[in-house]
Amino acid sequence: MIVVMRPGATQEQIDAVEARLIEFGFKTHPIYGEEKTVIGAIGDKKVLSSESLITLPGVEKIVPIMKPYKLVGRELKQSKTIVRVGQVEIGGDEVVVMAGPCAVESEEQLLTAALQVKSAGAKILRGGAFKPRTSPYAFQGLEEEGLKMLAKAREATGLPIVTEAVDPRDVELVAEYADVIQIGARNMQNFRLLQEAGMAGKPILLKRGLSSTVEEWLMAAEYIIDKGNDQIILCERGIRTYETGTRNTLDLSAVPLVQENSHLPVIVDPSHSTGSWKLVAPMSRAAVAAGADGLLIEVHPDPSRALCDGPQSLTPDNFAGLMQSLRSVAAAVGKKISH
Ligand code: PEP
Ligand code: MN
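Since the model is a prediction, treat every value here as computed from it, not as a measurement.

Participant: Honestly, the overall build of the protein in this entry has me stumped. Any pointers?
Facilitator: The number of helices and strands found in the protein is 11 helices and 14 strands. Here the protein has a C-alpha radius of gyration of 21 Å; the compact-globule value for 339 residues is 20 Å, and the two agree. Here the protein holds 339 residues, and 54% of them are scored as buried. Sequence separation of at least 24 residues holds for 68% of the intrachain contacts in the protein that already meet a minimum separation of 6.

Written out as structure tokens, the structure is:
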């Protein structure tokens, strides 16, 4: 439920309501708005009813939360959450582009890619050190060596880094190096991993599961926010359908749907959703037109030599061209892409 405090309720009154909720075993999430404060409360309404709460000084009304996801929903928090990664803000009026190779392969490959995507206007460097591969025989990533290379590339370029954790036991290690921890599509409902990531003290990029509904995706985000971390970026990366012409089917309607139902920013991955570099530019433009808060794009200095996902990786030149064309699309929907 949401306890809505009256405009002008004192801090003492707010604290007293929170204390009462905690006394009865509720988890509380106060949100201090400009006009009034609301307290999200999750617990057993049988032990502390709305009728008794409404009698406390400063309380205006009690509103139930109808959706199964509570803290990531717009019912509790109307204003959009801005995720801060160093100087970069995701969820504001800037479309933030994150780009880089699928996998970290070598220091040289990563640094070359990092410099190339930076010069084209990317704000965050992507690169996988732990790779969740369909086949156990495919390249699994350089693990900690890869994380070290990412840290070096950040040092050299100033770009913050986003990289994936695939196992709860690796979250602490990944958090030591990463600016944003990615949870991949295959792990969207790995609830232990979500909880561990929620406690890591870093922003989380949560990809939509291959066959997950938007509601299941938001419930997965709820596991992270429940651990006290609201710095969550949702990422639509395509879902399974009967279509075989593309690797997945990019569900762009998820972008406005998520924005209607959640205050969290949502970005689009046109690379894994299409599986084909030729489709990346048009779908990136479509994603920006649909209101995406950012893009996650695979770029490789030489896609023909990529150890992972070469067919969907853009060359640095194609990426630079795409960034240029995205600027006018962003402007058309009231957003910008700074250089
Ligand atoms: C990735 O971004 O490297 C990746 C593996 O993507 P997904 O989890 O969406 O398949
Ligand atoms: Mn990939």
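Participant: So what exactly am I meant to see when it comes to the sheet that holds strand β12 (residues 232-236) here?
Facilitator: Either a parallel or an antiparallel arrangement is found when strands of a sheet pair, and the pairing is made through backbone hydrogen bonds. The eight strands are arranged β7-β8-β9-β10-β11-β12-β13-β14 in a closed barrel whose pairing can be described as parallel. Between one strand and the next, the sheet's axes are offset by a mean angle of 25°, whatever the strand orientation. Looking at chain direction, β12 and strand β13 (residues 266-268) are connected through three bridges and run parallel. Among the inter-strand pairings, C235 is bridged to a residue of β13, identified as I267. Sheet contacts for helix α4 (residues 144-157): β8 (124-126) and β9 (161-164); angle to β9, the most-contacted strand, approximately 170°.

Participant: It is not clear to me how the environment of R20 should be interpreted in this structure. Could you clarify?
Facilitator: The residue R20 is located in helix α1 (residues 11-23) in this model. For R20 and L159, which are 139 residues apart along the polypeptide, the C-alpha to C-alpha distance reads 45 Å.

Participant: Is there a simple way to explain the sheet that holds strand β2 (residues 27-32) in this structure?
Facilitator: The strand order β2-β3-β1-β4 describes an open sheet built from four strands, whose pairing is antiparallel. Each edge of the sheet is formed by a strand with only one pairing partner; in this case those strands are β2 and β4 (59-63). Adjacent strand axes in the sheet meet at a mean angle of 20°, parallel and antiparallel pairs treated alike. Summarising the sheet, strand β1 (residues 2-5) and strand β3 (residues 37-42) pair through three bridges and their orientation is antiparallel. By the bridge assignment for β3, I2 is matched with G40.

Participant: Would you explain the packing of helix α10 (residues 277-289) against helix α11 (residues 316-332) in this entry?
Facilitator: When two helices pack together, their arrangement is captured by the angle between the axes and the distance separating the axes. Interhelical geometry of α10 versus α11 gives an angle of 20° and a closest axis separation of 9 Å. Overall, the two elements α10 and α11 adopt an arrangement that is roughly parallel. At the point where α10 passes α11, the crossing takes the right-handed sense. Residues W277, V280, A281, S284, R285, V288 and A289 of α10 pack against N318, L322, S325, L326, V329 and A330 of α11. Of the residues assigned to the contact of α10 with α11, the class counts are nine nonpolar, three polar and one charged.

Participant: What is the right way to look at unusual backbone geometry in this model?
Facilitator: The phi torsion of most residues other than glycine is negative, and most of the peptide bonds are trans. One non-glycine residue, E143, lies in positive phi territory at about 55°. Mapped onto the elements, E143 comes out in the loop between β8 and α4. Note on E143: relative accessible area 40%, which makes it partly exposed. A positive phi angle is found at D309, which is not glycine, with a value near 60°. Here D309 lies in the loop between β14 (294-298) and α11.

Participant: Looking at this model, I keep getting lost on the coordination of the manganese ion (ligand 2). Mind explaining?
Facilitator: Reference geometry at the metal: tetrahedral coordination by four donors gives ideal angles of 109.5 degrees; octahedral coordination by six donors gives 90 or 180 degrees. In the first shell of the manganese ion (ligand 2), the protein supplies C102 (SG), H272 (NE2), E298 (OE) and D309 (OD), at 2.0 to 2.4 Å from the metal. Along the chain, the residues donating to the manganese ion (ligand 2) are arranged with the sequence spacing C-x169-H-x25-E-x10-D. Separated by 37 residues along the polypeptide, H272 in helix α9 (residues 270-274) and D309 in the loop between β14 and α11 bring together distant segments of the chain. The same class applies to H272 and to D309, which are both buried.

Participant: Just checking my understanding: could you explain the nonpolar core for this structure?
Facilitator: Across soluble globular proteins, nonpolar side chains show a tendency to be buried alongside one another. The biggest cluster of nonpolar side chains holds 74 residues, and the ones touching the most others in it are L125, L206, W217, L234, I297 and F319. The leading source of residues in this core is helix α7 (residues 214-225), at seven residues. Counting the residues that make up this core, at least three belong to each of domain 1 (2-63) and domain 2 (83-332). Discounting residues that sit within four places of it in the chain, L234 has contacts with L206, W217, L218, A221, V258, L264, P265, V266 and I267. By size, the runner-up hydrophobic cluster in this structure holds 15 residues, among which are M5, I39, A41 and L48.

Conventions adopted
Residues numbered from 1 in each chain as written. Chains lettered and ligands numbered in written order. Predicted model: local features only at pLDDT ≥ 70, side-chain atom pairs only at ≥ 80, totals over all residues. Heavy atoms only, no water. Helix = DSSP H or I, 4+ residues; strand = E, 2+ residues; numbered from the N terminus. Rg over C-alpha atoms; globule rule 2.2 N^0.38 Å. Buried < 20%, exposed > 50% of the residue type's maximum accessible area, 1.4 Å probe, protein only. Contact = heavy atoms within 4.5 Å. Pairing = 2+ DSSP bridges. Axes fitted to C-alpha atoms, helices over the stretch in contact; angles between N-to-C directions. Parallel < 35°, antiparallel > 145°, perpendicular 65-115°, else oblique. Left-handed = near helix turned anticlockwise from the far one by under 90°. Nonpolar A, V, L, I, M, F, W, Y, C, P; charged D, E, K, R; others polar. Donors = N, O, S within 2.8 Å, 3.2 Å for Na, K, Ca; no water. Core = buried A, V, L, I, M, F, W, Y, C linked by side-chain atoms within 4.5 Å. Domains from an automatic or database assignment.

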